[in-house]
Amino acid sequence: MTDKELRKLKRGELLEMLLEQSREMQKLKAELEKATGLLEERRLIIDSAGSIAEASLKLNGVFEAAQKAADQYLENVKRLSGGLCECPEKQDEPGESQ
């Protein structure tokens, strides 16, 4: 609306326009607050997702180290048991009949 058109409006019409703009501004502020809240919530989700991913990677490292230790233990057991007799044959005990 031009200045000339605004000057022709009556006081009541101007006040009505002012009230309408005030309502619109309040509505937009409420929408902005809601959008800001949603944005903050998404940031928290993204941050926690990053933390979960990092924790998962660290756990994978722990599991890998545990698996390596278990493999090394089994390898040592096999190596040590290789020098011993497999299983001694069961000897007949006295008093048993065949």
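You'll find the structure just up there.
Right, let's walk through the structure included here. Please read all numbers here as calculations on a predicted model, not as lab measurements.

A few points about the pattern of salt bridges
Per the stated rule, a full pass over the model turns up 2 salt bridges. Here Glu20 ties to Arg23 by a salt bridge, and the two come within 3.3 Å at their closest N and O atoms. Note that Glu20 and Arg23 are positioned in helix H2 (residues 11–82) at a spacing of 3 residues, about one turn of the helix. Of the residues examined, Glu20 reaches a relative accessible area of 44% and is grouped as partly exposed. Taking the shortest distance from any N to any O, the salt bridge between Glu40 and Arg43 comes out at 3.7 Å. Residue Glu40 and its partner Arg43 are located together in helix H2, separated by 3 residues, close to a single helical turn.

Describing a nonpolar patch on the surface
Among the surface-exposed residues, Met1, Leu14 and Met17 lie close enough to one another that they form a single nonpolar patch of about 290 Å² accessible area. Considering the arrangement of structural elements, one finds Leu14 in helix H2.

Analysis parameters
Residues numbered from 1 in each chain as written. Predicted model: local features only at pLDDT ≥ 70, side-chain atom pairs only at ≥ 80, totals over all residues. Heavy atoms only, no water. Salt bridge = Lys/Arg side-chain N within 4 Å of Asp/Glu carboxyl O. Helix = DSSP H or I, 4+ residues; strand = E, 2+ residues; numbered from the N terminus. Buried < 20%, exposed > 50% of the residue type's maximum accessible area, 1.4 Å probe, protein only. Patch = residues over 30% accessible without salt bridge, like charges linked within 9 Å, V, L, I, M, F, W, Y side chains within 5 Å. Areas by Shrake-Rupley, 256 points an atom, 1.4 Å probe, with all protein chains shown as cover.

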